[in-house]
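If you want the building blocks of each chain, they are given just below.
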Amino acid sequence: MTIRAPRGLARGAPPGIIVSDAPQPDRISHSDLAAAVRALAMDGVETAKSGHPGLPMGAADIATVLFTQFLKFDAADPLWPDRDRFVLSAGHGSMLLYSLLHLVGLEGMTADELKRFRRLDSRTPGHPEHFMTPGVETTTGPLGQGLATAVGMALAERMLAAEFGDGVSDHHTYVLASDGDLMEGISQEAIALAGHLKLSRLIVLFDDNGISIDGPLSLADSVDQPKRFEAAGWRAERIDGHDAEAIASAIRRAQDSDRPSLIACKTTIGFGAPKRAGTSKAHGEPLGAEELAGAKAAIGWTHAPFEVPDDIRRAWLEAGRRGAAERKAWTGRVEALDPTAKAEFTRRMHRKLPEALGPAVASLKSRLLLAPQEVATRKASELALEAITEAMPELILGSADLTPSNNTKVRNPAIVSPGSFGGRYIHYGIREHAMAAAMNGMAIHGGYRPAGATFLVFSDYARPAIRIAALGGIPAIYVMTHDSIGLGEDGPTHQPVEHLAALRSMPNLRVFRPADAIETAECWQLALERTDGPTMLALTRQNLPQVRKAASDANLSAGGAYELSPADSEAHATLFASGSEVSIALDAQALLRAKGVSARVVSVPSLELFLAQPEDDKRRVIGAAPVKVAVEAAVRFGWDAVIGSDGLFVGMSGFGASAPYKDLYRHFGITAEAVAERVLRTHNL
């Protein structure tokens with residue numbers, strides 16, 4: 001079999017694959033290749049009796065041109081660092097991606113896996129999950145997330161190139177996006193950030209089929225998407241999404257652009273389906289036997305379900321091998337790096353911590369013991385970062401336009417700016433959602449550990465991307481300051497009361513609320529040591545006394561909770577507290593002591609981490625005191641796991657108010673006197 005190249009072969013295209021649809025002996029046409037994608041996608045959805053066939057059928061031409069002519073990858077090594085990234089932002093069309101990964105020969109993506117689409121423990125879940133399926137670059141499904149995550153990937157690629165050279169990092173990030181992706185608000189945040197930074201290696205292929213679940217897109221939307229992208233600093237054009245030569249030409253133009261590019265590809269959803277093509281009925285349900293047969297006839301596919309003829313399969317497998325030579329050349333370039341640069345690049349891509357991190361934190365803790373600091377934990381975080389950033393060059397900081405308040409910018413680091421990617425600080429603008437998603441992309445891409453900041457109350461704006469990080473085990477770090485009514489005069493719109501409980505309830509998200517400068521340093525160390533999920537630091541605006549006075553080689557925050565101040569004798573009460581309320585608990589302990597009541601204080605920097613400890617460890621920390629009190633300037637939800645449903649809680653039961661923070665603590669009864677009174681009154685002590 002001979003496979004020939006089309007006229008004007010795209011940069012990097014495999015020799016031999018043609019785009020002509022004219023019948024030619026011993027040649028595989030573009031239509032043949034795309035038909036295989038369509039057929040497998042239809043078969044997968046039909047077998048599962050569930051899924052979205054319309055997008056794979058409509059976008060198959062786009063994906064076929066991209067994978068066979070442009071995408072730099074090697075199916076034998078799907079984690080090759082310098083591969084092009086392909087993000088299916090329209091994750092509901094997952095059978096498109098699974099079919100492609102199967103056809104190019106990715107190990108483990110067998111026909112049996114396609115047959116198990118949407119089945120328990122398959123590699124073909126309903127929406128792509130990057131932690132389950134090799135070749136899936138990021139978890140998508142919530143619309144807009146893939147597009148915004150890809151911005152972070154494209155940014156990480158340019159930053160690595162600025163640091164290690166184009167010989168190490170020289171690839172594109174491609175996104176297949178739907179109408180729904182572009183209607184979600186996060187898309188505006190993401191494209192504005194990408195356009196501002198001139199991320200020219202980012203190319204979005206818009207599956208412009210004009211259909212949503214409810215019906216024609218015109219029911220709810222009339223935005224001119226290319227003009228919208230152009231207004232955000234992108235290059236944009238419209239093409240016929242079923243014309244292979246037009247698709248290839250557009251991608252070549254995008255590759256040559258000095259800006260990110262949008263290619264709006266006009267397609268027909270459910271392409272080939274006799275009755276459902278171009279309608280919402282093709283979007284989210286199986287075609288049914290009759291419509292499936294008609295669609296296969298329309299594209300000239302006469303083969304059994306999940307069957308691909310040998311000649312077409314060989315052509316696709318050749319596409320899967322097309323990056324092998326480039327991967328080998330890249331490996332040679334990395335081997336030729338200066339030994340120090342090579343070691344540093346390798347360490348980062350394997351997410352190995354620098355040896356200097358532990359000593360840097362230990363040195364800071366020693367200095368704090370010698371010179372205690374009464375500072376807000378946001379300031380304590382800044383002190384920690386001054387030590388950590390010297391030891392961990394891959395730590396990339398940033399803020400959603402709250403840099404002076406978040407205290408995340410230390411020692412005037414170089415700024416990441418349009419066309420200049422050698423910095424270590426990112427000004428995300430007022431784009432919390434895009435910031436969190438871009439951080440996901442940077443972390444998944446590899447080479448960097450991103451940490452982004454805003455106020456804790458605005459974690460609501462970022463929550464969907466935080467959830468993706470928790471679901472996918474992405475080690476992003478969120479610095480959330482102004483963590484309670486302690487922020488004071490800005491009032492209840494800015495005072496988080498329910499947020500700690502809500503965030504703690506998210507599986508695999510670790511929330512820390514440190515009590516002083518030493519705990520803050522420990523929590524930063526734990527956040528950076530973690531590689532299997534995201535971490536959030538909730539930090540105060542108001543100054544706090546340093547409650548840790550004794551030296552400890554151990555990281556006491558690592559267990560989530562520990563006895564900070566023991567009882568003088570057998571304890572009548574245990575006072576549990578986090579963050580700014582730990583000092584209140586210590587003052588309450590002193591008041592109770594004066595009344596002849598022995599109490600102990602347990603600091604709880606991470607409630608959910610503590611609850612995940614072995615039962616014996618939890619019992620030891622909780623203790624046997626008959627009175628258990630939790631003190632936190634937030635709602636009670638979650639604390640009953642420690643204090644029991646009959647335990648005492650001193651905190652918030654509603655929203656805050658606008659006033660100086662000390663007045664608010666008195667107004668809401670979160671004081672040492674109130675804690676002591678509750679203990680004394682409850683047990684008539």
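Residues numbered from 1 in each chain as written. Predicted model: local features only at pLDDT ≥ 70, side-chain atom pairs only at ≥ 80, totals over all residues. Heavy atoms only, no water.

### Notes on the confidence of the model for the chain
What counts, and what does not: As a per-residue measure, pLDDT reflects the predictor's confidence and takes values from 0 up to 100. Contact criterion: two residues are considered in contact whenever any of their non-hydrogen atoms come within 4.5 Å of each other.
Averaged over all residues, the pLDDT of the chain equals 95, while 96% of them reach at least 70. Contacts of residues 1–25 to residues separated by more than four positions or lying in other chains number 61 contacts, the stretch itself having pLDDT below 50.

### A few points about the environment of Glu529
Selection rule: Only DSSP runs of H or I covering at least 4 residues are called helices, and only runs of E covering at least 2 are called strands; the numbering of each starts at the N terminus. Think of it in three bands: residues with accessible area under 20% of the maximum for their type are buried, residues over 50% are exposed, and the middle band is partly exposed, with areas taken using a 1.4 Å probe on protein chains only.
By the element assignment, Glu529 lies in helix H20 (residues 517–529). We classify Glu529 as partly exposed; its relative accessible area is 38%.

### Considering the sheet that holds strand E14 (residues 562–565)
The condition is simple: Pairing between strands requires that DSSP locate at least two bridges from one strand to the other. Simply put, an axis is a line fit to the C-alpha atoms, just over the touching stretch for a helix, and the angle between two N-to-C directions goes from 0 to 180 degrees.
Read across the sheet, five strands follow the order E14-E16-E15-E17-E18 without closing on themselves; strand pairing throughout is mixed. Edge positions in the open sheet fall to E14 and strand E18 (648–651), since each of these has one partner strand only. Taking each pair of neighbouring strands and ignoring which way they run, the sheet shows an average axis angle of 30°. Across five bridges, the pairing between strand E15 (residues 573–577) and strand E17 (residues 627–632) is parallel. Opposite Ala573, over in E17, you have Val627 as the bridge partner. In the packing of helix H23 (residues 615–622) onto the sheet, contacts are made with E14, E15, strand E16 (599–603) and E17, and the angle to E16 comes to roughly 135°.

### Here we look at a nonpolar patch on the surface
Stated precisely, the cut-off is as follows: Here the term patch refers to residues with relative accessible area over 30% and no salt bridge, with like charges joined within 9 Å and nonpolar side chains (Val, Leu, Ile, Met, Phe, Trp, Tyr) within 5 Å. To measure how exposed things are, a 1.4 Å probe is used in the Shrake-Rupley method; for residues, cover is taken only from the protein chains shown. Any Lys or Arg side-chain nitrogen located within 4 Å of an Asp or Glu carboxyl oxygen qualifies as a salt bridge.
Taken together, the side chains of Phe131, Met132 and Leu471 define a hydrophobic patch exposed on the protein surface, amounting to about 250 Å² of accessible area. The topology assignment puts Leu471 in helix H18 (residues 459–472). When its relative accessible area of 40% is taken as the criterion, Leu471 is described as partly exposed.

### A closer look at the sheet that holds strand E1 (residues 85–88)
Here we have five strands laid out as an open sheet, ordered E1-E2-E3-E7-E6, and parallel in their pairing. Two strands in the sheet have a free side with no partner beyond their single neighbour: E1 and strand E6 (235–240). Strand-to-strand twist across the sheet, computed as the mean angle between neighbouring axes with direction ignored, equals 20°.

### Notes on the pairing of E18
Residues Leu648 and Val650 line one face of E18 and the alternating positions Phe649 and Gly651 line the opposite face, and both faces are buried. For E17 and E18, the ladder comprises four bridges, and the chain directions are parallel. Looking at the pairing, Ala630 lines up with Phe649 of E18.

### Considerations on the side chain of Ser580
Spelled out, the test is: We define a polar contact as two N or O atoms separated by no more than 3.5 Å, with the added condition that, inside protein, one atom must be a possible hydrogen donor and the other a possible acceptor, whereas residues neighbouring each other in sequence contribute only through side-chain atom pairs.
Tracing the chain through its elements places Ser580 in the loop between E15 and helix H21 (582–594). Since its relative accessible area comes to 3%, Ser580 is described here as buried. Only 3.0 Å separates the side chain of Ser580 from the side chain of Arg513, close enough to count as a polar contact. Among the polar contacts made by the side chain of Ser580, one reaches the side chain of Tyr665 at a distance of 3.3 Å.

### Some remarks on the side chain of Lys628
Under the convention used in this document: The sign given to each residue is positive for Lys and Arg and negative for Asp and Glu; His and the chain ends receive no count.
Its location among the elements puts Lys628 in strand E17. Nearest to the buried, unbridged Lys628 among oppositely charged side chains is Asp646, at 7.2 Å. A polar contact of 3.0 Å, which involves the side chain of Lys628, links it to the backbone oxygen of Ala625. Ignoring any residue separated from it by four or fewer positions in sequence, one finds Lys628 in contact with Thr574, Phe576, Ile622, Gly623, Val642, Ile643, Gly647 and Leu648.

### Comments concerning helix H2 (residues 54–70)
How we decide: Expected span of a helix: the number of residues minus one, times 1.5 Å. The seven residues ending at a residue and the seven starting there each receive a fitted axis; the angle between those axes is the bend at that residue.
Helix length check: H2, at 17 residues, gives a terminal C-alpha distance of 24 Å against a target of 24 Å (1.5 Å per residue), a fit within 8%. A maximum bend of about 55° is found in H2 at Ala60.

### Structural notes on the packing of H21 against helix H26 (residues 672–682)
Rules: Any angle that is under 35 degrees is reported as roughly parallel, and any over 145 degrees as roughly antiparallel; angles of 65 to 115 degrees are reported as roughly perpendicular and all others as oblique. For a crossing to be left-handed, the near helix must be turned anticlockwise from the far one by less than a right angle; the clockwise case is right-handed. Classification convention: Asp, Glu, Lys, Arg as charged; Ala, Val, Leu, Ile, Met, Phe, Trp, Tyr, Cys, Pro as nonpolar; all other residues, Gly among them, as polar.
Following both chains from N to C, one finds H21 and H26 inclined at 50°, their axes separated by 8 Å at the closest point. With respect to their mutual orientation, H21 and H26 come out oblique. You can see that H21 and H26 cross each other, and the crossing is right-handed. Here H21 contributes Ile584, Asp587, Ala588, Leu591 and Leu592 to the contact with H26, which in turn contributes Ala672, Glu673, Val675, Ala676, Val679 and Leu680. Looking at the contact of H21 with H26 residue by residue, the classes come out as nine nonpolar, no polar and two charged.

### Thoughts on the pattern of salt bridges
For the structure on display, the rule yields 41 salt bridges. We note a salt bridge from Glu285 to Arg276, for which the minimum N-O separation is 3.3 Å. For Arg276, a relative accessible area of 18% corresponds to the buried category. Sharing partners across several salt bridges, the network here consists of Glu157, Arg158, Asp166, Asp170 and Arg201.

### Some points on unusual backbone geometry
Within the chain, Asp121 stands out as a residue other than glycine whose phi angle is a positive 65°. By the element assignment, Asp121 lies in the loop between helix H4 (111–115) and helix H5 (145–164). Given the relative accessible area of 65%, Asp121 is considered exposed. Positive phi is not limited to glycine here, since Asn508 has a value of about 70°. You can call Asn508 partly exposed: its relative accessible area is 33%.

### Focus on the pairing of strand E3 (residues 202–208)
Counting buried residues along E3, seven of its seven residues qualify, which places the element largely inside the surrounding structure. Burial along E3 is two-sided: the face carrying Leu202, Val204, Phe206 and Asp208 and the face carrying Ile203, Leu205 and Asp207 are both buried. In terms of strand pairing, strand E2 (residues 173–177) meets E3 through five bridges, oriented parallel. Paired with Ala177 across the strands is Phe206, a residue of E3.

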